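Examining the three-dimensional arrangement
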Amino acid sequence: MSGSSAGKGSKRPDLRTMEPETITLLEEMGVVRGGEWRTEEDLLAEFKKTYPSWESAVWPLGAIDVGHMDAADRLMTPELGGTPEDYPNGPPRVLAFGEVLLDCLANEPSVKLGDPDSSWTAFAGGAPANVACALAKLGTSSGFIGCVGDDADGQKLKQVLSDEGIPTKTLQTVKGKKTRRVFVTRTEDGDREFAGFPDDTSNFADCSFDMAQIDGTMLYAADFLVTGTLGLAYPETREALTQLKQFCMEIGLVRFVDVNWRPVFWKQPEAKAKEIILEYLQGASLIKMTDEEAMWLFDMDQDQVLDNKPATILKRLEGCVGVLVTAGEEGCAYAFGKHGGRLEAFDVPVVDSTGAGDAFSAGFLHKTMQLTDAWQIEKVTYEGVDNPLPRAHMPPVQRIAEAFKDKEMAGEAVVYAAAVAAMTCMEEGAIAAQPSKKIADKFMSVYGEDVLIEEEKRDFELPDMNADWLKWQFAADFPRVWPSRSGLS
């Protein structure tokens, strides 16, 4: 037995050094035959024969025994076609889908739309891109899926993402289209208002996303998908978001939606936009909105939104694990299945609040993953078992729902989110102002201990989340939702 045949570039161990039981197991798995490692070419040929519709550039979502870890391994293993150099921080656990653009901030409160270019300073932005970059700075591997134009602005934004450690292979370039610029005016106290665009809102590159170019491997390897709702204003990106919504439900990917209502992006009547957004929110795992958005979407007044009432929103959203409501200097409120609360904003000098909500989202997701990962591997005592054992494995959505029954844990994630948002307000630029993990943790150690959470008083009880629909990996009878680059079924 030579045990050395493993394919070009392989670093598989020598079979002669292994126990007979291990070799038998490898033979049963099909990776060893006749005392030899099977080559990658041989395995690939057999797989293609079993799944003839599979294409090497697209992960065969829907295939039997294809799992989350398998997809992550494929991204990072050259022998399997992976390109680890494209993922400097490892396989993205969080993917953000949507717009990356230039926020042109007015240099002075007196500047208005139409003033000369010299009156504005351009910063990289766009809510989903902001979230991806903030997560990377906090130490959570993230990725971005979106579009830029074939222009200097597009190249600049691609470089910004790359500099922040965000993979750019999923950033599409649309020929003949401009990268979006949005003009933002400011008040004396640092608050911003979206003034509009220099061109028709539907003529920018981010309206033309090509869903067929997505490699499903990256999505299947992730735990979270972050989106806004601006893409719902345009037919192509609305179709993409609708299909991604279905995909998340099929495999239990946590869908985090920031409402991010911006009327200047929409051509449809406001009532129609509201209908489209509410439909998209159904089935989302986590939803963040401002107090104004909550009032608009759910016909509530501000007291209902902030005074310990986000749970009334949670009640109306099927499949939702948690609702987060931010209100600028008024602080934020939140609700999970068993409890909720409200806390005041951190008192910091505000220079520019652009991107603060996106920093809040990133801070919440980063701390949520940190806390729930630790919760998942905790050892607990089971009835009839002498020694503590690790918890039964749960997919991320169910893990958050169960772990955040602990009000202290949920509150810690929200306080951390508020801290990251506050720090982002202290400098200019949505991405440029985002704190590193070291700075965020230092801020929390100094100011986070004294935060008081006003606990929600709830006059009803939400049932435990029904996890029957959660799917950690595909089974034989699942639909093929991502069969090839030619399009989605």
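Look above for the structure.
Described below are features of the structure shown in this document. (Residues numbered from 1 in each chain as written. Predicted model: local features only at pLDDT ≥ 70, side-chain atom pairs only at ≥ 80, totals over all residues. Heavy atoms only, no water.)

Quick notes on the overall build of the chain
Condition: Secondary structure elements are taken from DSSP: a helix is a run of H or I of four residues or more, a strand is a run of E of two residues or more, and numbering for both begins at the N terminus. For every residue, the accessible area (1.4 Å probe, protein chains only) is compared with the maximum for its type, and the residue is labelled buried under 20%, exposed over 50%, or partly exposed between those bounds. What makes two residues a contact is simply this: any of their non-hydrogen atoms within 4.5 Å. Surface accessibility follows the Shrake-Rupley procedure with a 1.4 Å probe radius. Residue values consider only the protein chains on display as shielding.
Of the regular secondary structure elements, the chain holds 15 helices and 18 strands. In the chain, which comprises 489 residues, the proportion classed as buried is 53%. Within the chain, residue pairs in contact and separated by at least 24 positions form 71% of the contacts whose partners lie at least 6 positions apart. When the accessible surface of the chain is split by element, carbon and sulfur atoms take 50% of a total near 22000 Å².

Here's the deal with unusual backbone geometry
One non-glycine residue, asparagine 260, lies in positive phi territory at about 50 degrees. Looking at the secondary structure, you find asparagine 260 in the loop between β11 (254-258) and α8 (270-281). Residue class for asparagine 260 comes out buried when judged on its relative accessible area of 8%. Phi is positive for aspartate 299, close to 55 degrees, though the residue is something other than glycine. Along the chain, the position of aspartate 299 falls in the loop between α9 (291-298) and α10 (302-306). The exposure class of aspartate 299 is exposed, given its relative accessible area of 60%.

Some words on helix α13 (residues 396-403)
Among the 8 residues in α13, 6 count as buried, and that is most of the element. Turning to α13, its buried residues are Pro396, Val397, Arg399, Ile400, Ala401 and Ala403.

Here's the deal with the sheet that holds strand β8 (residues 181-186)
Going by this rule: Here, strands pair whenever DSSP counts at least two bridges between them. All axes here are fitted lines through C-alpha atoms, helices being fitted over the stretch that makes contact, and every angle between N-to-C directions spans 0 to 180 degrees.
The strand order β5-β4-β8-β9 describes an open sheet built from 4 strands, whose pairing is mixed. With partners counted over all chains shown, the strands left at the sheet margins are β5 (120-125) and β9 (192-196), one partner each. When strand polarity is set aside, the average angle formed by the axes of neighbouring strands in this sheet is 35 degrees. Note that strand β4 (residues 101-106) and β5 share 6 bridges and pair antiparallel. Looking across to β5, one finds that leucine 101 is bridged to glycine 125. Here helix α5 (residues 152-163) sits on the sheet and contacts β4, β5 and β8; the angle it forms with β4, its principal contact strand, is near 100 degrees.

What about the environment of alanine 127?
One can find alanine 127 in helix α4 (residues 127-138). Placed 228 residues apart in sequence, alanine 127 and glycine 355 show a C-alpha to C-alpha distance of 6.9 Å. Other than its neighbours up to four places away in sequence, alanine 127 contacts Glu99, Asn260 and Asp358.

A short note on a nonpolar patch on the surface
Here is the rule we go by: A patch is a set of surface residues, each over 30% in relative accessible area and not in a salt bridge, joined within 9 Å for like charges and within 5 Å for the nonpolar side chains Val, Leu, Ile, Met, Phe, Trp and Tyr. For this document, the term salt bridge refers to a Lys or Arg side-chain nitrogen within 4 Å of an Asp or Glu carboxyl oxygen.
Together, Tyr382, Val385 and Leu389 make up an exposed nonpolar region whose accessible area comes to about 220 Å². Tracing the backbone through its elements, the reader meets tyrosine 382 in the loop between β16 (379-380) and β17 (389-390). For tyrosine 382, a relative accessible area of 32% corresponds to the partly exposed category.

Considerations on the nonpolar core
To be explicit about the condition: Take the buried residues of types Ala, Val, Leu, Ile, Met, Phe, Trp, Tyr and Cys, join any two whose side-chain atoms come within 4.5 Å, and each joined set is a nonpolar core.
Residues Trp266, Ile277 and Met289 are the most contacted members of the largest nonpolar core, which totals 66 residues. When residues of this core are assigned to their parent elements, the largest contribution, 6 residues, is made by helix α7 (residues 235-251). If near-sequence neighbours (up to four positions away) are discounted, methionine 289 is found in contact with Val259, Ala294, Phe298, Ile313, Val323, Leu324, Val325 and Thr326. With 63 residues, the next largest nonpolar core counts Cys133, Leu365, Val420 and Ile431 among its residues.

Focus: the pattern of salt bridges
Using the criterion set out here, one finds 20 salt bridges in the structure. With a shortest N-O distance of 2.7 Å, aspartate 441 and lysine 437 are connected by a salt bridge. Of the two residues, aspartate 441 and lysine 437 both sit in helix α15 (residues 437-447), 4 residues apart, roughly one turn of that helix. Note on lysine 437: relative accessible area 31%, which makes it partly exposed. Taken together, the shared-partner salt bridges connect Arg93, Asp223, Asp373 and Arg399 into one network.

Concerning the pairing of strand β12 (residues 286-290)
Put simply, the test is: If the strands point away from the viewer and the path from the first strand over the helix to the second runs clockwise, then the crossover is right-handed.
The element β12 is largely enclosed, with a buried count of 4 among its 5 residues. Across 3 bridges, β11 lies against β12 in parallel orientation. Looking across to β12, one finds that valine 257 is bridged to isoleucine 287. Once you follow β11 into α8 and on to β12, the crossover reads as right-handed. The pairing of β12 with strand β13 (residues 322-326) spans 5 bridges and is parallel. Its bridge partner lying in β13, isoleucine 287 is registered against valine 323.

Topic: the packing of helix α12 (residues 356-377) against α13
Operational definition: For classification, angles of less than 35 degrees are called roughly parallel, those exceeding 145 degrees roughly antiparallel, those between 65 and 115 degrees roughly perpendicular, and all remaining angles oblique. Three classes are used: nonpolar for Ala, Val, Leu, Ile, Met, Phe, Trp, Tyr, Cys and Pro, charged for Asp, Glu, Lys and Arg, and polar for all others, with Gly counted as polar.
α13 packs onto α12 with a crossing angle of 85 degrees between their chain directions and a minimal axis gap of 10 Å. Taken as axis vectors, α12 and α13 run roughly perpendicular relative to one another. Here α12 contributes Thr368, Thr372, Asp373, Trp375 and Gln376 to the contact with α13, which in turn contributes Arg399, Ile400, Glu402 and Ala403. Residue composition of the contact of α12 with α13, by class: 3 nonpolar, 3 polar and 3 charged.

Side note on the side chain of threonine 237
Where we set the bar: Pairing of N or O atoms within 3.5 Å defines a polar contact, subject to two protein rules: one partner must be a possible hydrogen donor and the other a possible acceptor, and residues neighboring in sequence count only if both atoms are side-chain atoms.
Following the sequence through the fold, threonine 237 ends up in helix α7. At a separation of 2.6 Å, a polar atom in the side chain of threonine 237 contacts the main-chain carbonyl oxygen of glycine 231. Beyond its immediate stretch of four places on either side in the chain, threonine 237 contacts Asp206, Cys207, Phe209 and Gly231.

So, the sheet that holds strand β15 (residues 340-343)
By definition, the strands of a sheet pair up through backbone hydrogen bonds, in either a parallel or an antiparallel sense. With mixed pairing, the 10 strands of this open sheet are ordered in space as β7-β6-β3-β10-β11-β12-β13-β14-β15-β18. The two strands at the open ends of the sheet, each matched to only one other strand, are β7 (171-174) and β18 (453-455). Strand after strand, the sheet turns through a mean of 15 degrees between neighbouring axes, direction not considered. Of the pairings in the sheet, the one linking β13 to strand β14 (residues 332-336) comprises 5 bridges and is antiparallel in character. The residue bridging valine 325 from the neighbouring strand is alanine 333, located in β14.

The values reported here are purely geometric and, on their own, carry no functional implication.
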